[in-house]
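# Fold and contact review
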Protein chains: 2
Amino acid sequence: MNQRIFFNEVVTRDGFQIEPEFVPTDAKVQLVDALSQCGYAKIEVTSFTSPKAIPMLRDAEEVMGRIRRAPGVEYTVLVPNLRGAERAMESRADELNLVMSTSETHNLANLRMPREKSFAALSEVIRVVDGRTPVNVSLSTAFGCPMEGDVPQEVVLGWARRFADLGVRGLTICDTTGMAHPQQVARMCEEAQRRFPALQLTLHFHNTRGMGLANVLAAVRAGIVRFDGSLGGLGGCPYAPGASGNISSEDTVHMLQAMDHDTGIDLAKLLQLARALPEIVGHGVPGQVAKAGPSTQLHPAPAYVAELRAAA
Amino acid sequence: MNQRIFFNEVVTRDGFQIEPEFVPTDAKVQLVDALSQCGYAKIEVTSFTSPKAIPMLRDAEEVMGRIRRAPGVEYTVLVPNLRGAERAMESRADELNLVMSTSETHNLANLRMPREKSFAALSEVIRVVDGRTPVNVSLSTAFGCPMEGDVPQEVVLGWARRFADLGVRGLTICDTTGMAHPQQVARMCEEAQRRFPALQLTLHFHNTRGMGLANVLAAVRAGIVRFDGSLGGLGGCPYAPGASGNISSEDTVHMLQAMDHDTGIDLAKLLQLARALPEIVGHGVPGQVAKAGPSTQLHPAPAYVAELRAAA
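Because the structure is predicted, anything quoted here is derived from the model rather than measured.

Quick look at the packing of helix α4 (residues 82–90) of chain B against helix α6 (residues 115–129) of chain B now. Residue and element names in this part refer to chain B. At a closest axis distance of 9 Å, the pairing of α4 and α6 adopts a crossing angle of 35°. The handedness of the crossing between α4 and α6 comes out as right-handed. Note on element contacts: α6 touches α4 through E124, V125, V128 and V129, opposite L82, A85 and M89. For the contact of α4 with α6, the residue count by class is six nonpolar, no polar and one charged.

Residue and element names in this part refer to chain A. You will see that D260, though not glycine, has its phi angle at about 70°, which is positive. Within the element layout of this structure, D260 appears in the loop between α10 (249–258) and α11 (267–281). Among the residues examined, D260 registers a relative accessible area of 36% and is labelled partly exposed.

Next up on the list: the relation of the copies chain B and chain A. You can overlay chain B on chain A at an RMSD of 0.0 Å; the transform is a turn of 180° with a shift of 0.0 Å along its axis. Given the turn and translation reported, the copies of this chain are related as if by a two-fold rotation axis. Every residue of chain B has its C-alpha some distance from the rotation axis, and the shortest such distance is that of A214(B), at 1.9 Å.

Moving on, we come to the sheet that holds strand β6 (residues 170–174) of chain A. Residues and elements named next belong to chain A. Reading around the circumference, β1-β2-β3-β4-β5-β6-β7-β8 is the order of the eight strands in this closed barrel, with parallel pairing throughout. On average, each strand axis in the sheet is inclined to that of its neighbour by 25°, with strand direction left out of account. Bridging between strand β4 (residues 95–101) and strand β5 (residues 135–140) involves six bridges; their strand directions are parallel. Considered in β5, the bridge of N97 is made with N136.

In this section: helix α7 (residues 153–164) of chain B. All names here are of chain B. Over its twelve residues, α7 extends 16 Å from the first C-alpha to the last, a length consistent with the 16 Å expected when each residue adds 1.5 Å. All of the buried residues along α7 are V156, L157, W159, A160, F163 and A164. Looking straight down α7, one finds its buried side chains confined to an arc of 155°; they lie on one side.

Take the packing of helix α2 (residues 25–36) of chain A against α11(A) next. All names here are of chain A. One way to put it is that α2 packs onto α11 with a least axis distance of 11 Å and a crossing angle of 170°. Taken as axis vectors, α2 and α11 run roughly antiparallel relative to one another. Across the interface between the two elements, A27, L31, A34 and L35 from α2 touch L270, L273, L277 and I280 from α11. Tallied by class, the residues present in the contact of α2 with α11 amount to eight nonpolar, no polar and no charged.

Contact residues are listed per partner, giving 55 residues for chain B and 54 residues for chain A. At the boundary of chain B with chain A, total buried surface from both sides reaches about 4300 Å², with 62% on carbon and sulfur atoms. When the area that chain B buries against chain A is broken down by residue, the three leading residues are R209(B), Q288(B) and H299(B), summing to 14%. For the interface between chain B and chain A, the tally reads zero salt bridges. In this assembly, chain B and chain A are joined by 16 residue pairs in polar contact (both at pLDDT 80 or more). Secondary structure elements with two or more residues in the side of chain B that touches chain A: α5 (104–111), α8 (182–195), α9 (212–221), α10 (249–258), α12 (289–292) and α13 (303–311) of chain B. The element that contributes the greatest number of residues to the side of chain B that touches chain A is α9(B), accounting for five residues. For the side of chain B that touches chain A, the class distribution of residues is 31 nonpolar, 16 polar and eight charged.

Looking now at the pairing of strand β3 (residues 74–79) of chain B. Residue and element names in this part refer to chain B. The element β3 is extensively covered by neighbouring structure, given that five of its six residues are classed as buried. Looking at chain direction, strand β2 (residues 42–47) and β3 are connected through five bridges and run parallel. Bridging across to β3, E44 finds its partner in T76. In terms of handedness, the path from β2 via helix α3 (residues 60–66) over to β3 forms a crossover that is right-handed. Note: β3 against strand β4 (residues 95–101), four bridges, orientation parallel. Looking at the pairing, T76 lines up with E95 of β4. The parallel pair β3 and β4 is bridged by α4, and the resulting crossover is right-handed.

What follows concerns the pairing of strand β6 (residues 170–174) of chain B. All names here are of chain B. Counting buried positions over the five residues of β6 gives five, a clear majority of the element. Here β6 shows a buried face lined by G170, T172 and C174 and a second buried face lined by L171 and I173. With α7 bridging strand β5 (residues 135–140) and its parallel neighbour β6, the resulting β-α-β unit is right-handed. Read from β6 through α8 to strand β7 (residues 200–204), the crossover connection turns out right-handed.

With the rule as written, the count across this model stands at zero disulfides over all chains. Free cysteine C189(B): the closest other cysteine sulfur is in C174(B), separated by 12 Å.

Cut-offs applied
- Residues numbered from 1 in each chain as written.
- Chains lettered and ligands numbered in written order.
- Predicted model: local features only at pLDDT ≥ 70, side-chain atom pairs only at ≥ 80, totals over all residues.
- Heavy atoms only, no water.
- Axes fitted to C-alpha atoms, helices over the stretch in contact; angles between N-to-C directions.
- Helix = DSSP H or I, 4+ residues; strand = E, 2+ residues; numbered from the N terminus.
- Left-handed = near helix turned anticlockwise from the far one by under 90°.
- Contact = heavy atoms within 4.5 Å.
- Nonpolar A, V, L, I, M, F, W, Y, C, P; charged D, E, K, R; others polar.
- Buried < 20%, exposed > 50% of the residue type's maximum accessible area, 1.4 Å probe, protein only.
- Least-squares fit on C-alpha atoms with pLDDT ≥ 70 in both.
- Pairing = 2+ DSSP bridges.
- Expected span 1.5 Å × (residues − 1).
- Arc of directions from axis to C-beta.
- Parallel < 35°, antiparallel > 145°, perpendicular 65-115°, else oblique.
- Buried area = accessible area lost by both parts, 1.4 Å probe.
- Salt bridge = Lys/Arg side-chain N within 4 Å of Asp/Glu carboxyl O.
- Polar contact = N/O pair within 3.5 Å; in protein donor to acceptor, adjacent residues only side chain to side chain.
- Right-handed = clockwise from strand over helix to strand, strands pointing away.
- Disulfide = S-S within 2.5 Å.

The values are spatial; any link to function lies outside them.
Here's what the structure looks like:
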């Protein structure tokens, strides 16, 4: 058996936040409850953003209040600022996931402030939370920015260092728009682990250009054991209409289980949920294994094969 | 610069043969001629199968007669039997690609004869061709059969040995229905190269379960430098409706170029052809980079970013 891998499911946050239609609160709660039975290490349930900024997740308190928490699963939430952190802690989130971009342009475009201002605001959140709830920081566009292009590894690891020095528990290194390639991923993972051996390091990949699982492979080979994934591969990229979004949780689990990694996840249950997802969101989703079936699922031979065999 | 990689484009054979609508001969010739300008090492143009068996490629002679051959590109064709080999050589094919399955059930289902009978027939082809045209043998279902399941590596390499002993120039190890995983690929590639150092070894992957580029990565890391790819990811799997088919040539080239491999291929030209493919076949195709654009293609920042920057 190879290295144990820990999965964080982000579909109800990263996936649902950009859906064109509001996913009803009941459906969100039911999906989180079903995901809780699949064996995830962590579920990113929702985002305590202003309802004006992300109307699709305006029911964050209600969802967090109604889900049935399974023992052993951490329920994390995205938090943009101090107000969000207070709401998240009132909702008894197990972890706060703060976010900023490592690209100045992407931070301005996405969070409407310079990176230094984001860092100051997030530092204040970390100071006020003061260890009462573990904090993870997601560093966006860590493998390239769709507007700036290359984001040097030293820039990414510089921001990582500043958060590490504030005492965060974990960092998620995010390929926000699917620009990473495996060689770049291997370099980043090796260096990040060397510099931050005590931090929980998670990798967040998108499959926008088909490289999602190749990047997972490169990261696993470099020693990474924590990954974000999104059921069905839901969650897109505004710059690539028609392209895939986040890596599909079930496709990633399927590959890693085939490679004899313990993922803790019940793939059959996960595939059931992935197959039900198009009905929840009202459109098809990119995940492949839910369509093709796992590679262990065999098909009957055509009837003439038995006749040919008998004749031989 | 990393290892040079050689691509064989199979869209007009592996892709078009299972299209529901016949692709007009003019369109086939134009596409092969355009592909000839992209920098491929090899193009699998068509199949000299009986028109009854594969009606979509019934124009094999005409296509081979009309294409404009570019210097440095090998034009290979699929050949199922002696009659096909004669037709292919009359058409001045640069290589004959013979095919059989390593799974008995798949060979019975696909070629309607036991493997031993296929081997005997292909041996006869190789004997008659007698080195006048180089021969490649494609071994199907080498990483698993959708009906039988596991195909042991020793079985695959046993068939490989028998063909190697007949003096073929190359072997293509085919993951016909997208069952391979990277660990299995690495093992197979290492062992095949150890046993057959003098043969041209090509890997043929499908992306049916999302693992296509991860498998390419594993093969490259194991030293493989030759790959089949299909423009747009065309070419499917009858067992997985809605699933992806062959790995997309342009997505694979995009990844390997990002990793600093010389592929010899003009990606911009290839993307133009990939974007024109849906019009030729009348439906969308799975390739991602044609939709998302290459990772080097940047997007303008929203207008408010400049204002925010000025205000900061």
